[in-house]
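Spelled out, the chains give:
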Amino acid sequence: MKVAIMGFGTIGSGVYKVLTTNEDVIAKRVGEKLEVKYVLDRREFPGEPWEKLVVGDYNIIANDPDVDIVVETMGGVEPAYTFVKAMLEAGKHVTTSNKALVADKGADLIKTARDNNVNFLFEASVGGGIPIIRPILECLTGDVIEEISGIVNGTTNFILTKMTEEGSEFDVVLKEAQNLGYAEKDPTADIEGHDAQRKIAILTSLVCGQQVEYTDIPTEGISHITANDIKYAKKINRNIKLLATSTAVGDTYVARVAPYLLAPEHPLFAVNDVFNAIFVHGNMLGDGMFYGSGAGSLPTASAVVGDIVEMAKHKNMNIPLEWKSEKKELADSSVVESAFFVRTKSDKDAVKSAFGNVEFVEGVVDGEVGFTTDVMTEAEYESKASTLDVVKMIRVR
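Residues numbered from 1 in each chain as written. Predicted model: local features only at pLDDT ≥ 70, side-chain atom pairs only at ≥ 80, totals over all residues. Heavy atoms only, no water.

The next subject is the overall build of the protein. Looking only at helices and strands, one finds 15 helices and 18 strands in the protein. Its C-alpha atoms give the protein a radius of gyration of 23 Å, near enough to 21 Å, the size a compact globule of 397 residues would have. Principal axes of the C-alpha set define a box for the protein whose edges measure 75 × 45 × 35 Å. Per-residue burial over the protein gives 55% buried out of 397 residues. Expressed as a percentage of contacts within the protein between residues at least 6 apart in sequence, the contacts between residues at least 24 apart total 73%. Summed over all atoms, the accessible surface of the protein reaches about 17,100 Å², with 47% contributed by carbon and sulfur. (Helix = DSSP H or I, 4+ residues; strand = E, 2+ residues; numbered from the N terminus. Rg over C-alpha atoms; globule rule 2.2 N^0.38 Å. Buried < 20%, exposed > 50% of the residue type's maximum accessible area, 1.4 Å probe, protein only. Contact = heavy atoms within 4.5 Å. Areas by Shrake-Rupley, 256 points an atom, 1.4 Å probe, with all protein chains shown as cover.)

Turning our attention to the state of the cysteines. Note: disulfide means a covalent bond formed between the sulfur atoms of two cysteine side chains. Per the counting criterion, the structure on display carries 0 disulfides. You can see C139 has no disulfide; the closest cysteine sulfur is in C208, sitting 20 Å from it. (Disulfide = S-S within 2.5 Å.)

Attention now goes to a nonpolar patch on the surface. Together, F275, M289 and Y291 give the surface a local cluster of nonpolar side chains, amounting to about 280 Å² of exposed area. Tracing the backbone shows M289 in strand β12 (residues 286–293). The class for M289 is partly exposed, based on a relative accessible area of 35%. (Patch = residues over 30% accessible without salt bridge, like charges linked within 9 Å, V, L, I, M, F, W, Y side chains within 5 Å. Salt bridge = Lys/Arg side-chain N within 4 Å of Asp/Glu carboxyl O.)

In this section: the packing of aromatic side chains. On inspection of all chains with the given rule, the structure shows 15 aromatic pairs. Aromatic side chains Y232 and F341 sit 5.3 Å apart centroid to centroid with 55 degrees between the ring planes, which places their arrangement in the tilted category. Residue Y232 is found in helix α12 (residues 227–235), and its partner F341 is found in strand β14 (residues 337–344); the two are separated by 109 residues along the sequence. The burial state of Y232 is the same as that of F341; both residues are buried. A ring pair is formed by F355 and F371, whose centres lie 5.3 Å apart and whose planes are at 55 degrees; its orientation type is tilted. Taken as a pair, F355 in helix α14 (residues 348–355) and F371 in strand β16 (residues 369–372) lie far apart in primary sequence, 16 residues in all. (Phe/Tyr/Trp six-rings, centres within 6.5 Å; stacked < 30°, edge-to-face > 60°.)

What follows is about empty space enclosed by the protein. Considering all chains together, one arrives at 1 cavity of 30 Å³ or more under this definition. Lining the largest cavity, in full, are I110, A113, R114, N119, F120, N318, I319 and L321. In terms of residues, the lining of the largest cavity owes the most to one element, helix α5 (residues 99–115), which gives 3 residues. For the lining of the largest cavity, the residue count by class is 5 nonpolar, 2 polar and 1 charged. (1 Å grid on protein atoms, 1.4 Å probe; cavity = no way out; pocket = protein on both sides within 12 Å on 5 of 7 lines; lining within 4 Å. Points joined across faces, edges and corners; volume = space filled by probe spheres on them. Nonpolar A, V, L, I, M, F, W, Y, C, P; charged D, E, K, R; others polar.)

Put simply, the largest pocket is a space of about 1,100 Å³. Taken together, the elements giving at least two residues each to the lining of the largest pocket come down to α1 (10–21), α5, α6 (124–127), α8 (154–166), α10 (188–191), α11 (194–208), β11 (275–282) and α13 (297–313). Per-class residue counts for the lining of the largest pocket are 12 nonpolar, 20 polar and 7 charged. Roughly 440 Å³ of internal volume is contained in the second largest pocket.

Each neighbour pair has its own omega, and for E78 with P79 the value is 5 degrees, a cis peptide bond. Of note, P79 is situated in the loop between β4 (67–72) and α4 (80–89). Notably, N237 is not glycine yet its phi reads approximately 60 degrees, a positive angle. Its location among the elements puts N237 in the loop between α12 and β9 (239–249).

Listed in full, the buried residues belonging to helix α15 (residues 378–385) are E378, Y381 and A385. Considered in projection along α15, the buried side chains sweep an arc of 60 degrees and stay on one side of the axis. (Arc of directions from axis to C-beta.)

To describe two helices that pack against each other, one gives the angle between their axes and the distance between the axes. At a minimum axis distance of 9 Å, the contact between helix α2 (residues 23–30) and α13 shows a crossing angle of 35 degrees. For α2 against α13, the interelement crossing comes out right-handed. Along its contact with α2, which presents I26, R29 and V30, the element α13 presents V305, V309, A312 and K313. For the contact of α2 with α13, the residue count by class is 5 nonpolar, no polar and 2 charged. (Axes fitted to C-alpha atoms, helices over the stretch in contact; angles between N-to-C directions. Left-handed = near helix turned anticlockwise from the far one by under 90°.)

By the definition in use, this model includes 22 salt bridges. Among the salt bridges present, the one from D41 reaches R43, with a minimum N-O distance of 2.9 Å. Residue classification places D41 among the buried residues on the basis of a relative accessible area of 13%. With a relative accessible area of 42%, R43 lands in the partly exposed category.

Here is the structure:
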């Protein structure tokens, strides 16, 4: 069975390595050998084993009847969308690790795959090497998923872990992450939460079976988190983590990406460094957790190859995925309840007047007090905090 790889960067080259290194094992599981026939890339690779596989025109792949499965690891929405749609219309199965493509065009590409009796799978688009999409769609298909909360970005988790361990400021740790290859030269998508925003939109779309627009999800990154925030977190024995959350509210969901202060008993409290974890609560399952390497060449490639094997086993049939293009309206996030940690330059009397019973945290930063509120809605918090000189607010879980 012939495979083509579109995009030969970190993930695409990792897919090639997994397919060649584990060739015999994969052949046993599929029932036949998988062979990479094409690599689509604008570069040449003189002297490399895949040098003669490289083509520059995606139509060569689309028009070759020998190619059954195509891997897309180019990134971005275009030209990936045009290329992937052409492959599906040509009767080829496609798997991708591209969260931007899936979040934006997932419903359309699933329909195109169904119309052409092929498959469009994207396990690696959310958790990297962590299996999460297939467990939700297959293993937990008898459950109503009531909550998904995850640390789904390794870059931000690494930064927050280092800040916690070393007491360093954000900018210092970001540079270290870039030097180690954990953060891109332009880290905006990671540190401002946009990567996590797309991933929770994908998971929520799959759970509810409709299109959840990632732009509808309130999103806050970690670039404003400081060493002083970390000091307060340590004082109250909590860790700051960037969470992507989606919770059932009536017949819809409320979603958010933001930093949270987590207590030691929270299942995501001790997920550190570049590791990711996704917590799922089902009405029958109860609590479940998926943990592992959320990024990197080979962990992500492993998930891509898992999709390849799944599609090879279903070569002549479409695996049904429920994700309609009809937009799902999310619940108003202002109705969600939580406790809030607040740093303020206002005095205690002003705090008590605004919030009533709070738990004060003192002696961390001169000239300010910290406090944790009772549980209340976002709207209630905003109303009460409007009377104070607030330095920082972080939600508490």
